[in-house]
Amino acid sequence: MSQTSKRLGKFIVLEGIDGAGKSTHIDFIAETIRAAHGVQVLITREPGGTPLAEKIRELVLHQAMDVQTEVLLVAAARRDHVRQLIGPALERGDWVLCDRFVDSTRAYQGGGGGVDLGWIDGINREVSGPLEPDRVILFDLPSQIAAARRGGRGGHGDRFEAQDVAYFERVRDVYLTQMRPGAQEKTSILNAELDVSRIQMELQKIIINI
Ligand code: T5A
């Protein structure tokens, strides 16, 4: 998106540790947005969302690399995603529902991997410019429970799912206690331990008020 571009749609982001329940609820969230706000909803994800970014996703999830390289690759994927898909959708008035965005890089590479959060924030500002989520819905779940849920599902077997519970506790800690400046008032923290129907009730309340 350029500095002068006009944003008409809203940008909604789902965050949380692996197995917290974003995929389970994403279609419900999109349908609830359509019903509540009468808009088109584009569902997308990070890393990914464009042909180039999906190729980068494969590398980041499956190719061994150092953690700063992870930051730079997800940033490259994000740049393409914002310019090719997210920005144009918002400019034509669609809402964009994105599974992960800049807070994932802070939480995973910053919290999990130990990379300096200031460095990550600087790169994210360069890459996505003025684009900020209008609402972040954070699915919050203790790491042990998320690991059990991932185990029950069989797991995707990517590099992040192979990390231990301590890694995911550090990821969760950044999500909860070291938010981006200005992100706190735009973040809804959802108790992902609840059952699916209770979570849907909470999601409806959040979405109606966006
Ligand atoms: N990444 C991404 C970075 O490191 N840096 C970045 O900058 C970015 C953008 C993406 C990976 O990339 C990393 C982070 C990620 O590891 P992914 O496969 O897209 O990889 O990973 P996730 O987004 O985490 O997707 P997952 O499928 O692993 O997790 P979900 O979507 O949160 O969980 P979900 O819905 O699949 O649920 C897991 C299991 O729990 C059950 C479900 O049925 C399922 O079996 N479940 C529940 N059970 C009981 N009660 C509930 N309320 C339940 N909700 C779901």
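Residues numbered from 1 in each chain as written. Predicted model: local features only at pLDDT ≥ 70, side-chain atom pairs only at ≥ 80, totals over all residues. Heavy atoms only, no water.

A.B. asks: What's the story with the site of the ligand in this structure? I'm lost.
C.D. replies: Of all residues adjacent to the ligand, which total 31 residues, the nearest are Lys-22, Ser-23, Thr-24, Thr-105 and Arg-153. At a separation of 2.9 Å, an oxygen atom of the ligand approaches a polar side-chain atom of Asp-18. The contact in question runs from an oxygen atom of the ligand to an N or O atom on the side chain of Arg-100, over 2.7 Å. For the ligand, whose accessible area on its own is 1,000 Å², the fraction buried by protein is 86%. Broken down by secondary-structure element, the contributors of at least two residues to the shell around the ligand are α1 (22-37), α2 (51-62), α3 (67-91), α4 (102-112), α6 (143-153) and α8 (196-208). Broken down by element, the shell around the ligand gets its largest block of residues, four residues, from α4. In terms of residue class, the shell around the ligand is built from eleven nonpolar, eight polar and twelve charged. (Near = heavy atom within 4 Å. Polar contact = N/O pair within 3.5 Å; in protein donor to acceptor, adjacent residues only side chain to side chain. Areas by Shrake-Rupley, 256 points an atom, 1.4 Å probe, with all protein chains shown as cover. Helix = DSSP H or I, 4+ residues; strand = E, 2+ residues; numbered from the N terminus. Nonpolar A, V, L, I, M, F, W, Y, C, P; charged D, E, K, R; others polar.)

A.B. asks: What is the right way to read the packing of aromatic side chains from this model?
C.D. replies: Think of a pair of aromatic rings as described by two things: how far the centres are apart, and how the planes are tilted against each other in angle. Summed over the entire model, instances satisfying the criterion amount to five aromatic pairs. For the ring pair Tyr-108 and Phe-168, a centre distance of 6.2 Å and an interplane angle of 85 degrees mean the geometry is edge-to-face. Of this pair, Tyr-108 sits in helix α4 while Phe-168 sits in helix α7 (residues 165-177), placing them 60 residues apart in sequence. Residue Phe-168 is classed as buried on the basis of its relative accessible area, which comes to 1%. Counting every residue linked through ring pairs, the aromatic cluster contains Tyr-108, Phe-160, Tyr-167 and Phe-168. When the ring centre of Phe-101 is taken as origin, the NZ or CZ atom of Arg-78, which lies over that ring, is 5.2 Å away. The side chain of Arg-150 reaches across the aromatic face of Phe-168, ending 4.4 Å from its centre. (Phe/Tyr/Trp six-rings, centres within 6.5 Å; stacked < 30°, edge-to-face > 60°. Buried < 20%, exposed > 50% of the residue type's maximum accessible area, 1.4 Å probe, protein only. Lys NZ or Arg CZ within 6 Å of the ring centre and 35° of its normal.)

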